[in-house]
Amino acid sequence: MKREPGFLHILARLMLVLLVLYLSWTAAYFITAAIYSRMSWAFHDLFVFLINATLGFFFFGIISMTVRRFIQPREQHAFTEMIDALKRISQGDFHINLDWDLGGRNGKHRRPHPYVQLVDSINDMAANLKAMEKLREEFISNVSHEIGSPLTSIIGFAKALKDENLDREQRDRYLSIIETECIRLSKLSDNLMKLAILDSERHPFRPSLYRLDKQLISLILACEPQWEAKKIEMTVEVDIVEVNADEDLMGQVWVNLLHNAIKFTPQGGSISVSLSSNGDQAVICIADTGQGINEQDQQRIFERFYKADQSRARTAGGSGLGLSIAYKITEMHTGSISVSSKVGEGTVFTVMLPLCQKVMKGSSNCEMYNGTVI
């Protein structure tokens, strides 16, 4: 029968206590025997036994107190350090790295002291809180920047409008800029609210069975004015796929991805959207022929406020939150979203969603729409 390490540890400590107790009794026996040998009369056997037992326990107590004096101060010092570390954490100081051991952490054949596990837990908690604090500071900094930039433009052009010598053309241009910046602020506020609700899990999650291919085609047609204005060739190849998901939330994912594809695809470029099933998953690919994303940026593309191309994102009015929202919603559906891109060759976003019901394979009814397969 295999015994647990905890049982073996208790058994070893019990054996050590018994060994020290036996040694104490042995020492008591020889000491009293030497004393009795010098006396002219002998005690009764029961009296001798009681004296030996009492003296043995006395020696055992002295040994225990001596050992405790070497161990207790170290434990007390460690306990004080842990209390101090917890107080610092409660005050917002997360630069904590306790290092304490009773010979168990570095020793290969010795069991770690329970305090060591507690110290490791405190260090992990401090490290996690420190990482969260860093993210919070970056988030506040990014929000301040995103809000401050359009506000500066609005204030500047509003002051410029006070100039009575402005002609009608300049006045209209300034008003257009103010309107554009106000729209940016409105979108930023809306996206921040969406992220806050998604993070708090207060957003109603209502999955239902619906045709994903119909949703994609409907949203692509809704974006027609945008891709038609840039003479973009839109190609759609979808299978008939039913998914059990929140249609409204998933609609936000497709809108964000489609708008990004249209936004960063040059005049006369092309975008392709495909939908198929692979085993128990639906696979959605949205590919464009834009400028692409370098490998370093691809690793951070789903971070909040991160923009692969700061200058283009600024002129396009992006805030770096759309892909974060798409990632969060896909994660809520236990799916995944990934990016594959090469600079100068375009970008492909792939979304994979689990299928909860049998997929109807086959091509959906296609028709020619303004020379583009829809």
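Every value quoted in this text rests on a predicted model; they were computed, and no experiment measured them. (Residues numbered from 1 in each chain as written. Predicted model: local features only at pLDDT ≥ 70, side-chain atom pairs only at ≥ 80, totals over all residues. Heavy atoms only, no water.)

Trainee: Help me out: how do you make sense of the side chain of Asp-246 in this one?
Mentor: Along the chain, the position of Asp-246 falls in the loop between strand 3 (242-245) and helix 7 (247-264). Here Asp-246 occupies a buried position and makes no salt bridge, while the nearest side chain of opposite charge, Arg-206, is found at 5.9 Å. A distance of 2.9 Å separates a polar atom in the side chain of Asp-246 from the backbone nitrogen of Arg-206. Polar side-chain contacts of Asp-246 include one of 3.2 Å to the backbone nitrogen of Leu-249. Not counting chain neighbours up to four residues away, the residues in contact with Asp-246 comprise Pro-204, Phe-205, Arg-206, Pro-207 and His-333. (Helix = DSSP H or I, 4+ residues; strand = E, 2+ residues; numbered from the N terminus. Buried < 20%, exposed > 50% of the residue type's maximum accessible area, 1.4 Å probe, protein only. Lys, Arg positive; Asp, Glu negative; His and termini not counted. Salt bridge = Lys/Arg side-chain N within 4 Å of Asp/Glu carboxyl O. Polar contact = N/O pair within 3.5 Å; in protein donor to acceptor, adjacent residues only side chain to side chain. Contact = heavy atoms within 4.5 Å.)

Trainee: I tried to follow the packing of aromatic side chains on my own but got confused; where do I start?
Mentor: Two aromatic rings, taken as a pair, are described by how far apart their centres are and by the angle between their planes. Across all of its chains, the model carries three aromatic pairs by this definition. Ring centres of Phe-157 and Tyr-174 lie 5.1 Å apart, and the angle between their planes is 45°; this geometry places the pair in the tilted category. Note that Phe-157 is positioned in helix 3 (residues 114-160) and Tyr-174 in helix 4 (residues 168-200), a separation of 17 residues in sequence. The partly exposed category is assigned to Phe-157, whose relative accessible area is 22%. Taken together, a centroid distance of 5.5 Å and an interplanar angle of 35° make the contact between Phe-302 and Tyr-327 tilted. (Phe/Tyr/Trp six-rings, centres within 6.5 Å; stacked < 30°, edge-to-face > 60°.)

Trainee: Please explain the nonpolar core as it appears in this structure.
Mentor: Generally speaking, nonpolar side chains in soluble globular proteins are found buried as a group. In this structure, Leu-212, Trp-254, Leu-257 and Ile-284 are the most contacted members of the largest nonpolar core, which totals 47 residues. It is helix 7 that provides the largest number of residues to this core, a total of eight residues. The residues contacting Ile-284, other than those within four sequence positions of it, are Leu-212, Leu-216, Trp-254, Ser-274, Leu-275, Phe-349, Thr-350, Val-351 and Leu-353. (Core = buried A, V, L, I, M, F, W, Y, C linked by side-chain atoms within 4.5 Å.)

Trainee: Would you explain unusual backbone geometry in this entry?
Mentor: Negative phi characterises most residues that are not glycine, and trans characterises most peptide bonds. Despite not being glycine, Lys-231 has its phi angle at roughly 55°, a positive value. Structurally, Lys-231 is set in the loop between helix 6 (224-229) and strand 2 (233-238). Residue Lys-231 is classed as exposed on the basis of its relative accessible area of 59%. Non-glycine residue Thr-334 carries a positive phi angle of around 55°. Looking at the secondary structure, you find Thr-334 in the loop between helix 10 (322-332) and strand 6 (336-342).

Trainee: Is there a simple way to explain the environment of Val-255 in this structure?
Mentor: For Val-255, the location among the structural elements is in helix 7. Judged by its relative accessible area of 25%, Val-255 is partly exposed. Taking the C-alpha atoms as reference points, Val-255 and Ala-222, separated by 33 residues in sequence, lie 9.6 Å from one another.

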